[in-house]
Amino acid sequence: MVELKHQDFMQLAIKLAQQGEGRTAPNPPVGALIVKDGVIVGEGFHPYAGAPHAEVFALRQAGNKAFGATIYVTLEPCSHHGKTPPCADALIAAGIESVYVGSVDPNPLVAGNGVRKLLQAGIKVKTCVLEAETNSLIAPFRKQITTGLPYTIYKSAMTMDGNTATHLGDSCWVSGPESRAQVHKLRDRVEAIMVGIDTVISDDPLLNTRLNVDGGRDPLRVVVDSQLRIDTNCKLLQQQSEAITFIATVSNDTEKISLLQSVGAEVVTLPASADGKVSLPHLWKKLGERNVQRLLLEGGSTLATAALHAGLIDQVRLYVAPKLVGGTTAGIFSGTGCDAMAAAIKLTSVSYEQVGEDLLITGDVAPCLPD
């Protein structure tokens, strides 16, 4: 039997936490594992907001075996009363001997308080175990709790010569079926998906989640439509879905707004940017207030470029298909871009994955540092 180390147990706790990704907002996904004499006696994860936290599920499974045991938890145990009692108190009451923590809670109102409470109770605490991995797990929660904005994933697909469509606008399909299936799994795990009005007009998308095993959950569908050009007969407004279609505009056309509301859309008028279009920072703030932690940005290059230059994109997921359009038509971003290569926006934590015939490149957008 292979003896597991602290990092191994924390890795198992991370896998548990991942089962709750996209379901816990406004809370973060958390996993917990209780170990006694090298044997796992309890495990759990936070399944959704309002449900018991990961530590509670693990304690319930461990029962009396929790006394004198060690717990591995991906995020610092909470120390305050919310919808559920403090997990730090539950660990103390159960007689846990030592606690290994992945990330300290990024919430500035509670950061470190759980650790302090455990230490004051005489419990051994070790923090920052696989911290890079656990920080990545809670990146959307950190973004929302510290900035009020959703963590934004920009997803696109292009051919090997950099095109997202032919010169006639045909984009069905750039990527293969395996990539598209993976995108539907991603849609199932975000709170909102966003496109611009040009995408709605040209593609008439459903923006729903279509999974083979189960139907999945449709996210909030966000359309950036500055002048309310959306047709009430489009698929977004005619399909049956529990998800709301949220239309962001600068228009005060009360007649069109009433018409859209009559078919179930939610219309929000926001401040305009200098070009007369919806102010994206205001829109992102509005979505953050709706507990959107993870926002999937799809659609055309105009909206993506505006979001990129506004510093609102956190991660890029680019599917590169083994195809050549044979000309220059449309890229994932528009405009002239930067003047010098040294000024290009860099990606960090870059990873590569083969998805069917496509190559998925994922990277975090590095923050722009002041001169």
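Residues numbered from 1 in each chain as written. Predicted model: local features only at pLDDT ≥ 70, side-chain atom pairs only at ≥ 80, totals over all residues. Heavy atoms only, no water.

### Observations concerning the overall build of the protein chain
The helix and strand tally for the protein chain stands at twelve helices and 14 strands. Its C-alpha radius of gyration of 23 Å places the protein chain within 12% of the 21 Å reference for a compact globule of 371 residues. For the protein chain, the spread of C-alpha atoms along the principal axes amounts to about 65 × 50 × 45 Å. A total of 371 residues make up the protein chain; the buried ones form 48% of that total. A separation threshold of at least 6 residues defines the contact pool for the protein chain, and within that pool the share at least 24 residues apart is 69%. When the accessible surface of the protein chain is split by element, carbon and sulfur atoms take 53% of a total near 18,400 Å². Counting 32 positive and 38 negative side-chain charges, the protein chain places the averaged centre of each group 4 Å from the other. (Helix = DSSP H or I, 4+ residues; strand = E, 2+ residues; numbered from the N terminus. Rg over C-alpha atoms; globule rule 2.2 N^0.38 Å. Buried < 20%, exposed > 50% of the residue type's maximum accessible area, 1.4 Å probe, protein only. Contact = heavy atoms within 4.5 Å. Areas by Shrake-Rupley, 256 points an atom, 1.4 Å probe, with all protein chains shown as cover. Lys, Arg positive; Asp, Glu negative; His and termini not counted. Charge placed at Lys NZ, Arg CZ, Asp CG, Glu CD.)

### Quick look at the nonpolar core
Soluble, globular proteins show a tendency: their nonpolar side chains are buried together. Of all hydrophobic cores here, the largest spans 32 residues; its most connected members are Met-194, Phe-246, Leu-280, Leu-283, Trp-284, Leu-287 and Ile-313. When neighbours within four sequence positions are excluded, Met-194 is seen to be in contact with Val-222, Val-224, Leu-283, Trp-284, Leu-287, Leu-295, Leu-296, Leu-297, Glu-298 and Leu-303. (Core = buried A, V, L, I, M, F, W, Y, C linked by side-chain atoms within 4.5 Å.)

### Description of the pattern of salt bridges
This structure, assessed with the given rule, holds nine salt bridges. Between Asp-89 and Lys-117 there is a salt bridge, with its nearest N and O atoms 3.1 Å apart. One end of the pair, Asp-89, is in helix H3 (residues 87–94); the other, Lys-117, is in helix H4 (residues 113–120), with 28 residues separating them in the sequence. Of the charged contacts in the structure, one is a salt bridge between Asp-188 and Arg-189, with a shortest N-O distance of 3.7 Å. Overall, the relative accessible area of 7% leaves Asp-188 in the buried class. Overall, the relative accessible area of 26% leaves Arg-189 in the partly exposed class. When salt bridges with common partners are traced through the structure, they connect Arg-23, Asp-188 and Arg-189 into a single cluster. (Salt bridge = Lys/Arg side-chain N within 4 Å of Asp/Glu carboxyl O.)

### A closer look at the environment of Val-325
Here Val-325 shows up in the loop between strand S12 (315–321) and strand S13 (347–355). Residues within four places of Val-325 in sequence aside, it is in contact with Thr-159, Asp-161, Asn-163, Ala-165 and Thr-166.

### What to know about unusual backbone geometry
Glycine aside, the phi torsion of most residues is negative, and most peptide linkages are trans. For the peptide bond that leads from Ala-25 to Pro-26, omega is 10°, which places it in the cis range. Secondary-structure assignment places Pro-26 in the loop between helix H1 (6–18) and strand S1 (31–36). Located in the positive-phi region is Asp-37, a residue other than glycine, with phi close to 55°. Checked against the element boundaries, Asp-37 lands in the loop between S1 and strand S2 (39–45).

### Considering the packing of H3 against H4
Two numbers describe how H3 lies on H4: the axes approach to 9 Å, and their chain directions differ by 20°. Relative to H4, the element H3 is oriented roughly parallel. As for how H3 packs across H4, the hand of that crossing is right-handed. From H3, Ala-88, Asp-89, Leu-91 and Ile-92 reach across to H4, where they touch Gly-114, Lys-117 and Leu-118. (Axes fitted to C-alpha atoms, helices over the stretch in contact; angles between N-to-C directions. Parallel < 35°, antiparallel > 145°, perpendicular 65-115°, else oblique. Left-handed = near helix turned anticlockwise from the far one by under 90°.)

### Looking at the sheet that holds S12
Strand order in the open sheet formed by nine strands is S10-S9-S8-S7-S11-S6-S12-S14-S13, with mixed pairing between adjacent strands. Of all strands in the sheet, those bounded by a partner on one side alone are strand S10 (266–269) and S13. For this sheet, the mean inter-axis angle between neighbouring strands, taken without regard to orientation, is 20°. For S13 and strand S14 (residues 358–365), the ladder comprises seven bridges, and the chain directions are antiparallel. Bridge pairing in S14 places Thr-348 opposite Asp-364. (Pairing = 2+ DSSP bridges.)

### Brief notes about the packing of helix H2 (residues 54–62) against H3
Packing of H2 against H3 leaves a shortest axis separation of 9 Å and a crossing angle of 20°. One element, H2, and the other, H3, form an angle in the roughly parallel class. As H2 packs across H3, the resulting crossing turns out to be left-handed. Between H2 and H3, the contacting residues are Glu-55, Val-56 and Leu-59 on the first element and Cys-87, Ala-90, Leu-91 and Ala-94 on the second.

### Observations regarding the packing of aromatic side chains
Scanning the model with the defined rule gives three aromatic pairs in all. Ring centres of Tyr-154 and Phe-333 lie 5.4 Å apart, and the angle between their planes is 45°; on these two criteria the pair is classed as tilted. On the criterion of sequence distance, the pair formed by Tyr-154 in strand S6 (residues 151–159) and Phe-333 in the loop between S12 and S13 is long-range, its members being 179 residues apart. An aromatic cluster is built from Phe-9, Tyr-72 and Tyr-100, whose rings are joined through pairwise contacts. A cation over an aromatic ring shows up here: Arg-60 above the ring of Phe-57, its NZ or CZ 5.7 Å from the ring centre. (Phe/Tyr/Trp six-rings, centres within 6.5 Å; stacked < 30°, edge-to-face > 60°. Lys NZ or Arg CZ within 6 Å of the ring centre and 35° of its normal.)

So, to be careful, I would describe these as geometric facts and stop short of saying anything about function.
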